[in-house]
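Structure assessment
If you want the building blocks of each chain, they are given just below.
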Amino acid sequence: MVFGVGDQDIAAVFVQEAVGGELFAGDLLAGAAARHPSLLWALVGALRALVPAEALSHIGVLLSLVSCGLALGLIGRELAPETPRAWVLGAMAAGAAQLVLGGAPTLDPLLVPRLVALPVELFALLAAVRQRWHVAFLLAGLALCVHAPSAAALSVGMGVGWVPRRHEARAAPLLALLGAGLALSLAGGQLAPMGVDGPSWRLIEARLAHHLVPNSWPLATWVAAAAWSAVAAWALRRSGAGGTLMLVLAGLLGWALLAGVLGPVLEVRLLLNLEPWQALRFVVLLASVAVPCAMPATRVGAVLAAAWVALCVGVSPRSSRLGPAERDVIALAKWASKHSEPGDLFVLPPNLPPAFRERAQRPVYALWKDGGEAQFDPLLGKEWAERMTRLCACSPFDDLPPEHAPFGRSRTLASAVGAAYDSRPREELVGVAKAAGAAWLVTRAAGDGVAVGPFWVVEVPRKPTEEVR
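Residues numbered from 1 in each chain as written. Predicted model: local features only at pLDDT ≥ 70, side-chain atom pairs only at ≥ 80, totals over all residues. Heavy atoms only, no water.

1. Regarding the sheet that holds strand 4 (residues 455–459)
This is how it is decided: Two strands pair under a simple rule: DSSP has to find at least two bridges between them. Runs of H or I in DSSP of at least four residues are treated as helices and runs of E of at least two as strands, each being numbered from the N terminus. Only heavy atoms enter the contact rule, under which two residues are in contact if any of them lie within 4.5 Å. Note on method: axes are straight lines fitted to C-alpha atoms, helices fitted across the in-contact stretch only, with angles between N-to-C directions ranging 0 to 180 degrees.
If you trace the four strands from one edge of the open sheet to the other, you get 1-2-4-3, paired in mixed fashion. Whereas interior strands pair on both sides, the edge strands pair on one side only; in this sheet they are strand 1 (346–347) and strand 3 (450–452). Relative to strand 4, strand 3 is paired through three bridges, and the arrangement is antiparallel. When the bridges of strand 4 are listed, Ala451 appears paired with Trp456. Sheet strands in contact with helix 16 (residues 324–339) are strand 1, strand 2 (440–443), strand 3 and strand 4, and its direction is about 25° off that of strand 4.

Spelled out as structure tokens, the structure:
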């Protein structure tokens, strides 16, 4: 478990807005919370008045992961009611996080909506297996209020599983629609345009190819997704109670392929924002749990199930450990929280890994990571692109590199923007910071200022006659 990095750094602005604060005024993401409606923002904001932020994050992640394990174990019990070891081994296999088609992990080490919604969704799936459709769709509706993309995918999948039993629970899907209505109300009516114009699509191709542009994905990514899907189908077919889950699996794959392709082909923003490829998270989790349950209840079956767990652990690319770059940013954030005033705007190297906002509780001019908002808010995306251009004095969106591996294009462009920023004269960067109304400038180039790890922190003069310290 880690705190304050990755998507959680982005969410710091949304949590602050949920409690009515203006701490992040001037930040690129200020005012963007309505594009990410989630009950989690208000919940975290309220609980932080009682529990320190980092402790709350760790507790939330631990509870979410334990709940996911419990739900997955219970699903395993439905698949292999006479083989208790399969339940445990299935949950263990699913506990090794995998990166799925569309760049989303099955599990997160961070307190973010995707993780918090997952146990609710898995218990909804458990209810569907038990043919308790009203409970299943009620839980799916609740999950929609926490993380709409994954809950929408699951709702479609469960809808396919519900069709043969619809005479037993005709109104059950309406319960999910109630949740969808509440999720829309959280957005306050601030919905982005349905279509995506040319400039906005260019930004999506640059920053979000790994999530939303399937024709850019390498063959190995598709092969891995096909392998997981085939394993899930095989294991569920061999399991004792896999009939309903087979239909759910078909619904998940159909939603991912149909909506995931139509979104970028037709450039429909709603389909893009629902990130249909999130459906593959459930496919991988089902495969992980179902394989041990499909093994024979013999010693050989136990060995094969244990080998499956080892394989899942071995192919897991995810790590919750902080790297040197994240630790440097955290040290910088610690310095900023002690030596700057709340509300002071910081101009940072644009390719820094996100961790500063949450750790320092200070607004940021713009990071490359922030460009993920381009899919939700075209105006914010345009402003992000302009800020990237100002920071690097370059044209990062003219020539896009190929997506040789998940996140490859985005990382290549981020490195190029960061290198251009680092090569600029200090005086030019100070001018950018002054024009932005920033209080502090951070560079990697040695010079006047305060050295904090590999960074130099410069106080930006508030008046033209002041000298830079």
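2. Focus on empty space enclosed by the protein
Heads up, the condition is: Only protein atoms enter the calculation, which uses a 1 Å grid: trapped sets of points that fit a 1.4 Å probe without letting it out are cavities, open sets showing protein on both sides within 12 Å along at least five of seven lines are pockets, and any residue with an atom within 4 Å of a point is a lining residue. Grid points are joined across faces, edges and corners, and a volume is the space filled by probe spheres set on the points. In this classification, Asp, Glu, Lys and Arg are treated as charged, Ala, Val, Leu, Ile, Met, Phe, Trp, Tyr, Cys and Pro as nonpolar, and every other residue, Gly included, as polar.
One pass over the structure, following the stated rule, counts four cavities of 30 Å³ or more. In this structure, the largest cavity encloses a volume near 60 Å³. Residue lining of the largest cavity: Gln8, Ala11, Ala12, Val15, Leu40, Trp41, Val44, Arg48, Leu111 and Glu358, and that is the complete set. Secondary-structure elements contributing two or more residues to the lining of the largest cavity are helix 1 (7–18) and helix 2 (39–47). At four residues, helix 1 tops the list of elements feeding residues into the lining of the largest cavity. Split into classes, the residues belonging to the lining of the largest cavity amount to seven nonpolar, one polar and two charged.

3. Re the packing of aromatic side chains
Formally: Put simply, two rings from Phe, Tyr or Trp (the six-membered ring, in Trp's case) pair if the centres are within 6.5 Å, and we call them stacked under 30 degrees between planes, edge-to-face over 60, tilted for the rest. A 1.4 Å probe rolled over the protein chains alone gives each residue an accessible area, and that area as a share of the maximum for its type sets the label: buried under 20%, exposed over 50%, partly exposed in between. Both a distance and an angle decide whether a charge sits over a ring: NZ of Lys or CZ of Arg must be within 6 Å of the ring centre and within 35 degrees of the ring normal.
Across all of its chains, the model carries 12 aromatic pairs by this definition. Relative to Phe397, the ring of Trp368 lies with its centre 6.0 Å away and its plane at 15°, an arrangement referred to as stacked. Here the residue Trp368 occupies a position in the loop between helix 17 (356–360) and helix 18 (378–392), and Phe397 occupies one in the loop between helix 18 and helix 19 (408–423), the gap between them amounting to 29 residues. Neither residue differs from the other here; Trp368 and Phe397 are each classed as buried. Joined through ring pairs, the aromatic side chains of Trp335, Phe346, Phe356 and Trp440 make up one cluster. Its end group placed over the ring of Trp87, Arg77 keeps NZ or CZ at 5.9 Å from the ring centre.

4. Some thoughts on the packing of helix 5 (residues 113–129) against helix 7 (residues 148–162)
Put simply, the rule reads: Note on terminology: angles under 35 degrees are roughly parallel, angles over 145 are roughly antiparallel, angles of 65 to 115 are roughly perpendicular, and the others are oblique.
Viewed as axis vectors pointing N to C, helix 5 and helix 7 meet at an angle of 5°, and their least axial separation amounts to 11 Å. If you check the angle between helix 5 and helix 7, you find them roughly parallel. For the pair formed by helix 5 and helix 7, the contact residues are Glu121, Ala124, Leu125 and Ala128 on the first element and Ser150, Ala151, Leu154 and Met158 on the second. For the contact of helix 5 with helix 7, the per-class residue count stands at six nonpolar, one polar and one charged.

5. Some points on the confidence of the model for the protein chain
The test is simple: You can read pLDDT as the predictor saying how much it trusts each residue, on a scale of 0 to 100.
Residues with a pLDDT of 70 or more make up 96% of the protein chain, whose mean pLDDT is 93. Low confidence marks residues 465–469, where pLDDT is under 50. Its contacts with residues over four positions away, or in another chain, come to 10 contacts.

6. Concerning the pattern of salt bridges
Our working rule: Criterion for a salt bridge: a side-chain nitrogen of Lys or Arg within 4 Å of a carboxyl oxygen of Asp or Glu.
Summed over all chains, the structure comprises 17 salt bridges. Here Glu358 makes a salt bridge to Arg48, at a shortest N to O gap of 2.9 Å. Pair noted here: Glu358 is in helix 17 and Arg48 is in the loop between helix 2 and helix 3 (53–79), with a separation of 310 residues, a long-range link. By relative accessible area, Glu358 is classed as buried at 4%. Measuring nitrogen to oxygen at the nearest pair gives 2.7 Å for the salt bridge that ties Arg114 to Asp108. Take Arg114 and Asp108: they sit in the same class, and that class is buried.

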